[in-house]
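Below are the chains, spelled out letter by letter.
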Amino acid sequence: MNELSEEMEMRTRMVIKSFVLFVVMILLNSCVSNAKRSVLTEMWGMIVDENNQPADNVLVGCKNEKDTWHYVMTDEKGMFVFKNVVFGKYDFTAEKECYLRLEENEVLFSDRGKMICFQMERIDSVLNRVENSVLCKDYELAKNLLSNLVLKKQHHLSLVEEYRKIIKKVEEKISYEQSEL
């Protein structure tokens with residue numbers, strides 16, 4: 001009976017040691033996770049255009065979880081870097097004349113080894129798509145593309161002048177189709 005008691009005592013000690021080791025591992029992992037979140041690091045990113053070419057001189061804004069905005073400019077390679085940031089979720093904006101404004105919300109930054117990449121589209125590229133949509137009689141797509149320009153508040157774009165160009169193209173297309181009849 002004494003042997004059985006000793007064996008039970010050894011098993012109990014083994015279970016207790018395993019439990020303590022498990023608790024220590026959880027606590028250490030928790031500390032590492034919290035330390036990782038509070039470490040100041042650099043967040044690298046890149047902005048490219050619709051042809052995947054670097055977009056230089058883009059004003060990039062980054063809002064942290066405390067609702068504080070920070071701004072940097074992209075270099076000639078489309079690269080930007082925010083210094084002294086912690087891991088977490090960020091909101092981004094990017095603006096450059098003649099480009100659609102970029103807005104990305106809740107981008108997770110959790111690995112400083114990974115680069116954050118965004119693609120911006122030139123307004124003239126969007127207007128070419130609008131023009132092609134009108135010429136192909138896909139008026140719904142043209143309307144949606146133009147609405148997107150207005151929704152993104154492209155103040156530097158003279159929409160009136162661009163609408164006139166598009167209307168002229170539509171009139172030319174209608175005149176051409178009527179002359180074929």
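No experiment lies behind these values; they were computed from the predicted model shown. (Residues numbered from 1 in each chain as written. Predicted model: local features only at pLDDT ≥ 70, side-chain atom pairs only at ≥ 80, totals over all residues. Heavy atoms only, no water.)

As for the confidence of the model for the protein
When the pLDDT values of the protein are averaged, the result is 78; 70% of them are 70 or greater. Ignoring residues within four places in sequence, the model shows residues 32-36, a span with pLDDT below 50, making 2 contacts including any to other chains. (pLDDT = per-residue confidence, 0-100. Contact = heavy atoms within 4.5 Å.)

What to know about the pairing of strand β3 (residues 69-73)
By the bridge criterion, 5 bridges tie strand β2 (residues 59-63) to β3 in an arrangement that is antiparallel. Bridging across to β3, Val 60 finds its partner in Val 72. Hairpin remark: β2 followed by β3, antiparallel, with 5 residues in the connecting loop; positive phi at Asp 67, about 65°. (Pairing = 2+ DSSP bridges. Helix = DSSP H or I, 4+ residues; strand = E, 2+ residues; numbered from the N terminus.)

A few points about a nonpolar patch on the surface
A grouping of Leu 59, Trp 69, Tyr 71 and Met 73 is seen on the molecular surface, where their side chains present a nonpolar patch of about 390 Å² in accessible area. At 3 residues, β3 tops the list of elements feeding residues into the nonpolar patch. Among the secondary structure elements, Tyr 71 is positioned in strand β3. Exposure remark for Tyr 71: the relative accessible area of 47% places this residue in the partly exposed category. (Patch = residues over 30% accessible without salt bridge, like charges linked within 9 Å, V, L, I, M, F, W, Y side chains within 5 Å. Areas by Shrake-Rupley, 256 points an atom, 1.4 Å probe, with all protein chains shown as cover. Salt bridge = Lys/Arg side-chain N within 4 Å of Asp/Glu carboxyl O. Buried < 20%, exposed > 50% of the residue type's maximum accessible area, 1.4 Å probe, protein only.)

With respect to the pairing of strand β6 (residues 102-109)
Relative to β6, strand β5 (residues 88-95) runs antiparallel, the two being bridged by 6 bridges. By the bridge assignment, Phe 92 is partnered in β6 with Glu 104. Connecting the antiparallel pair β5 and β6 is a turn made up of 6 residues, with Cys 98 showing a positive phi of about 75°.

What to know about the sheet that holds β3
The 4 strands lie next to each other as β3-β2-β5-β6, forming an open sheet whose pairing is antiparallel. Looking at the sheet topology across the chains shown, the edges are occupied by β3 and β6. The mean inter-strand angle of the sheet, taken between neighbouring strand axes irrespective of direction, is 25°. (Axes fitted to C-alpha atoms, helices over the stretch in contact; angles between N-to-C directions.)

Details of helix α2 (residues 123-135)
One turn of an α-helix holds 3.6 residues; hence residues three or four places apart share an orientation. Over its 13 residues, α2 extends 18 Å from the first C-alpha to the last, a length consistent with the 18 Å expected when each residue adds 1.5 Å. When we look at burial in α2, the residues that qualify are Ile 123, Ser 125, Val 126, Leu 127, Val 130, Ser 133 and Val 134. The first or second residue beyond α2 is Lys 137, which carries a positive phi of 60°. (Expected span 1.5 Å × (residues − 1).)

Here's the deal with the environment of Asn 148
One can find Asn 148 in helix α3 (residues 139-151). Sequence spacing of Asn 148 and Val 126 is 22 residues, and the spatial spacing of their C-alpha atoms is 9.5 Å.

Structural notes on the sheet that holds strand β1 (residues 41-48)
Read across the sheet, 3 strands follow the order β4-β1-β7 without closing on themselves; strand pairing throughout is mixed. Because the sheet does not close on itself, it has two edges, and the strands there are β4 (79-85) and β7 (116-119). Adjacent strand axes in the sheet meet at a mean angle of 25°, parallel and antiparallel pairs treated alike. In the sheet, β1 pairs with β7 via 4 bridges, with the strands oriented parallel. Within β7, the residue paired with Ile 47 across the bridge is Phe 118.

Section: the environment of Glu 76
For Glu 76, the location among the structural elements is in the loop between β3 and β4. Here Glu 76 falls in the exposed class, since its relative accessible area comes to 59%. Between the alpha carbons of Glu 76 and Ala 55 there is a distance of 7.3 Å; along the sequence they are 21 residues apart.

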